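Understanding the architecture of this molecule
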Amino acid sequence: MKRKVMIDQAKVRVLLLESIHPDAVSRLEAEGYQVESLRNALDEAELIERLPGVHLLGIRSKTQVTAKALEAADSLVAIGAFCIGTDQIDLGTASRAGVAVFNAPFSNTRSVVELALAEIIAMTRRLTEKNNLMHEGVWDKAAVGSHEVRGRRLGIVGYGNIGTQLSVLAENLGMHVSFYDTADKLALGNAQRCASLDELLEQSDVVTLHVDGRPGNAGFFGTEQLAKMKPGAIFLNLSRGIVVDHGSLRDALTSGHLAGAAVDVFPTEPKGRGDEFVSELRGLPNVILTPHIGGSTEEAQADIGDFVANKLTHFIQEGNTTLSVNLPSVALPAQSGTSRIVHVHTNMPGVLAQVNSILAEHHVNVEGQLLSTRGEYGYLITDIGGSFSSEVLDKLQGMSQTVRLRVLS
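Residues numbered from 1 in each chain as written. Predicted model: local features only at pLDDT ≥ 70, side-chain atom pairs only at ≥ 80, totals over all residues. Heavy atoms only, no water.

Time to look at the overall build of the protein. Broken down by element type, the protein carries 13 helices and 17 strands. Overall size of the protein, expressed as C-alpha extent along the three principal axes, is 85 × 45 × 30 Å. In the protein, once contacts between residues fewer than 6 apart in sequence are set aside, the share between residues at least 24 apart is 65%. Here the protein has roughly 18200 Å² of accessible surface; of this, 50% comes from carbon and sulfur atoms. Side-chain charges of the protein comprise 36 positive and 47 negative groups, with the mean position of each set lying 1 Å from the other. (Helix = DSSP H or I, 4+ residues; strand = E, 2+ residues; numbered from the N terminus. Contact = heavy atoms within 4.5 Å. Areas by Shrake-Rupley, 256 points an atom, 1.4 Å probe, with all protein chains shown as cover. Lys, Arg positive; Asp, Glu negative; His and termini not counted. Charge placed at Lys NZ, Arg CZ, Asp CG, Glu CD.)

So, about the sheet that holds strand β12 (residues 258–263). Pairing within the open sheet is parallel, and its 7 strands lie in the order β9-β8-β7-β10-β11-β12-β13. Pairing within the sheet leaves two strands with one partner each, and these edge strands are β9 (192–193) and β13 (287–289). One ladder, built from 4 bridges, connects strand β7 (residues 153–157) with strand β10 (residues 206–209); its direction is parallel. Note on β10: the bridge partner recorded for Val157 is Leu209. Seen against the sheet, helix α10 (residues 246–254) touches β11 (233–237), β12 and β13 and runs at an angle of roughly 145 degrees to β12. (Pairing = 2+ DSSP bridges. Axes fitted to C-alpha atoms, helices over the stretch in contact; angles between N-to-C directions.)

A word on the nonpolar core. Residues Val14, Leu16, Tyr33, Leu56, Ala78, Phe82 and Tyr379 are the most contacted members of the largest nonpolar core, which totals 32 residues. The dominant element in this core, judged by the number of residues it contributes, is helix α11 (residues 298–318), at 6 residues. Core analysis: the second largest hydrophobic core is formed by 26 residues, Tyr159, Ile162, Val177 and Val206 among them. (Core = buried A, V, L, I, M, F, W, Y, C linked by side-chain atoms within 4.5 Å. Buried < 20%, exposed > 50% of the residue type's maximum accessible area, 1.4 Å probe, protein only.)

The next subject is the packing of helix α5 (residues 109–124) against helix α7 (residues 161–172). Each packed pair of helices is defined by two parameters, the angle between the axes and the distance between the axes. At their nearest, the axes of α5 and α7 sit 9 Å apart, and the two run at 50 degrees to each other. Accordingly, the angle class assigned to the pair α5 and α7 is oblique. The hand of the α5/α7 crossing is right-handed. From α5, Thr109, Arg110, Val112, Val113, Ala116 and Leu117 reach across to α7, where they touch Asn161, Ile162, Gln165, Leu166, Leu169 and Ala170. Residues that form the contact of α5 with α7 fall into these classes: 8 nonpolar, 3 polar and 1 charged. (Parallel < 35°, antiparallel > 145°, perpendicular 65-115°, else oblique. Left-handed = near helix turned anticlockwise from the far one by under 90°. Nonpolar A, V, L, I, M, F, W, Y, C, P; charged D, E, K, R; others polar.)

The subject of this paragraph is unusual backbone geometry. Unlike most non-glycine residues, Ser19 shows phi in positive territory, near 55 degrees. Tracing the backbone through its elements, the reader meets Ser19 in the loop between β2 (13–16) and α1 (22–29). For Ser19, a relative accessible area of 41% corresponds to the partly exposed category. Phi at His292 is positive, roughly 55 degrees, even though this residue is not glycine. Positionally, His292 belongs in the loop between β13 and α11.

This paragraph deals with the pattern of salt bridges. Overall, the coordinates contain 16 salt bridges when judged by the stated rule. With its nearest N and O atoms 2.9 Å apart, the salt bridge here joins Asp205 to Lys230. A residue pair is termed long-range when its members are at least 10 positions apart, and Asp205 in the loop between α8 (197–203) and β10 and Lys230 in the loop between α9 (223–228) and β11 qualify at 25 residues. The partly exposed category is assigned to Lys230, whose relative accessible area is 27%. (Salt bridge = Lys/Arg side-chain N within 4 Å of Asp/Glu carboxyl O.)

Next up on the list: the packing of helix α12 (residues 351–361) against helix α13 (residues 390–398). In the contact formed by α12 and α13, the axes pass within 10 Å of each other and the chain directions differ by 160 degrees. In terms of their interaxial angle, α12 and α13 are classed as roughly antiparallel. The two elements α12 and α13 meet at a crossing, and its hand is right-handed. From α12, Val355, Ile358, Leu359 and Glu361 reach across to α13, where they touch Val392, Lys395 and Leu396.

Attention now moves to the packing of aromatic side chains. A full pass over the atoms with the stated rule returns 5 aromatic pairs. The structure contains a cluster of three or more aromatic residues connected by ring pairs, namely Phe220, Phe221 and Phe235. Above the ring of Phe315, the side-chain terminus of Arg406 is found at 4.6 Å from the ring centroid. (Phe/Tyr/Trp six-rings, centres within 6.5 Å; stacked < 30°, edge-to-face > 60°. Lys NZ or Arg CZ within 6 Å of the ring centre and 35° of its normal.)

Each regular strand carries side chains that alternate between the two faces of the sheet. Of the strand pairs in this sheet, β2 and strand β3 (residues 34–37) are connected by 4 bridges, and their pairing is parallel. Bridge pairing links Leu15 to Glu36 in β3. Between the parallel elements β2 and β3, the chain passes through α1 in a crossover that is right-handed. (Right-handed = clockwise from strand over helix to strand, strands pointing away.)

Looking now at the side chain of Glu18. Looking at the secondary structure, you find Glu18 in the loop between β2 and α1. Summary of buried charges: Glu18 has no salt-bridge partner, and the nearest side chain of opposite charge, Lys62, is 4.9 Å away. A distance of 3.0 Å separates the side chain of Glu18 from the backbone nitrogen of Lys62, its partner in a polar contact. Looking at Glu18, its side chain comes within polar contact range of the side chain of Thr63, at 2.8 Å. Apart from the residues within four sequence positions on either side, Glu18 is in contact with Leu38, Arg39, Asn40, Ala41, Ile59, Arg60, Ser61, Lys62 and Thr63. (Polar contact = N/O pair within 3.5 Å; in protein donor to acceptor, adjacent residues only side chain to side chain.)

Our focus in this paragraph is the sheet that holds β2. In spatial order, the strands read β3-β2-β4-β5-β6; together these 5 strands make up an open sheet with parallel pairing. Across the chains shown, the open sheet's two edge strands, defined by having one partner strand only, are β3 and β6 (100–102). For this sheet, the mean angle separating the axes of adjacent strands, direction not counted, is 15 degrees. Along the sheet face, α1 touches β2 and β3 and points at about 165 degrees away from the line of β3.

Here's what the structure looks like:
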């Protein structure tokens, strides 16, 4: 999949899917790029049909960028995930093709946290059930089963950007916080780290999942874990749909073991707005179902649109990979009057010496250079003063370690 790419900045083609915020469209169009923005996700066959000739692809969480799709993407240089997660992208194949992947790891954190807190309060107070009864004309003024969140224990599974911010705000509401994470994380405030998931489940009045969607997390939370939760506890999943067994969750709710649940993500989700939603959790009065809107506030989507679009623009124009999730992070300030060669290669000893030997052999003057490696791959930016021949590029492209070569001017 070795490729050499020279992109005319005035002819950059961008494909944005899943109703990405207009701010992203405006930002990319301001650079003169040709932007096509679609409302819905695309399946693999539809994506393969549309990708040829596209330089930048923007998606959210529903579109699966598979190895087959990437193989069909003859001009693709970068993918923007306008969301937190990137498990919907085959990162290994993207790296082997030298395609950079960017996401927005922080922009919608507050929106997800606020939704979680709103749902915790709503379920603890049984607001959804009271609301439904009122719409049916039933006046049920009773305190039975309704509680304050103050003094109750919140168990957070996954103590990353969202989990830590939720921890802080929940404490400000007077909740006690426990958390469990497979990585070694610093507890914020008075939060208590649990040595095991079982410990957290057994002591928490509310359990909320904030884990990623890596394949190893599929089916992570099922009958065994639900059974270990406290009777009358509340369960939330605002992370990834594949991590929870929804059949087991329904059983725990209908049996009365759990008092309620809030679910924002599902194993299978409709492709677009207005499509039918199918789930075994529909129709349960003590369940809040939302259509994957944890990060869907106008503020968050505008921030994400601007953040990811800026990353894509800087990558196209300068080759900078700061905060790329799959390629080494390199940022070299642009210099006027130079040409920039970006070299993605397999991480092997001697690559830099070989590149510089080719440049020296052709009397090419290096004005600036920066190399970084990450796992199997290296990323080299070289700024060149003056002109150089196509033979230089051919020799760099012909190196056995070369994955992708880009020329920026």
